[in-house]
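This is what each chain is made of:
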Amino acid sequence: MARPVPAELGEKVRRVLRAAEVARGADRRHFDFTGEVEAGVRLVLSEAGDVPLALSLWSRPQDIAALCADASVPATAALLATDAAQAREANAAGVAVDLAQFTRSQSHPDVYYVLFDFASPDRLHAVLHRLVPALTTHADAA
């Protein structure tokens, strides 16, 4: 059974998902970060062909623990998340987002995440290529 979720986190998740949706309509790059869209949350922007992607990168331990519904997770450096709607849209456009490599949030069932114990830009970039195999290659992005 999922734990009760504080209303504040639910509102924050909704605002982050909305920011990601808006960001998908903006100019895109092969791999880029936004500034914070909420306290402790930035967006990771990318694209696969003509399909824009915007995943959220969470860094506050209390948010990570609440999204994972596990208080033992705060030692994690970051959490990279997407929502089911974005994955469905990408899949419908022919870009596979491999949700099997994500964990489904118990507290927010439409959110899927990957945990990082070390979250350098290079590490995030490499994992993003694994999660979305159709991402534009570096040579194509140049």
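Before reading further, recall that the structure is shown in the block above.
Draft legend 1. Representation of the pattern of salt bridges within the structure. In the structure shown here, the tally under the stated rule is 5 salt bridges. D63 is the salt-bridge partner of K12, the closest N and O atoms lying 2.5 Å from each other. You can see K12 sitting in helix α1 (residues 7-24) and its partner D63 sitting in helix α2 (residues 61-68), a full 51 residues away along the chain. Here K12 falls in the buried class, since its relative accessible area comes to 7%. When the shortest N-O distance is used, the salt bridge between E21 and R18 registers 3.3 Å. Taken as a pair, E21 and R18 lie in helix α1 at a separation of 3 residues, close to a single helical turn. Judged by its relative accessible area of 47%, R18 falls in the partly exposed class.

Draft legend 2. View of the packing of aromatic side chains. Scanning the model with the defined rule gives 1 aromatic pair in all. Pairing F31 with F33 gives two aromatic rings, centres 5.2 Å apart and planes at 75 degrees, and the pair type is edge-to-face. By relative accessible area, which is 17% here, F31 ends up buried.

What counts and how
- Residues numbered from 1 in each chain as written.
- Predicted model: local features only at pLDDT ≥ 70, side-chain atom pairs only at ≥ 80, totals over all residues.
- Heavy atoms only, no water.
- Salt bridge = Lys/Arg side-chain N within 4 Å of Asp/Glu carboxyl O.
- Helix = DSSP H or I, 4+ residues; strand = E, 2+ residues; numbered from the N terminus.
- Buried < 20%, exposed > 50% of the residue type's maximum accessible area, 1.4 Å probe, protein only.
- Phe/Tyr/Trp six-rings, centres within 6.5 Å; stacked < 30°, edge-to-face > 60°.

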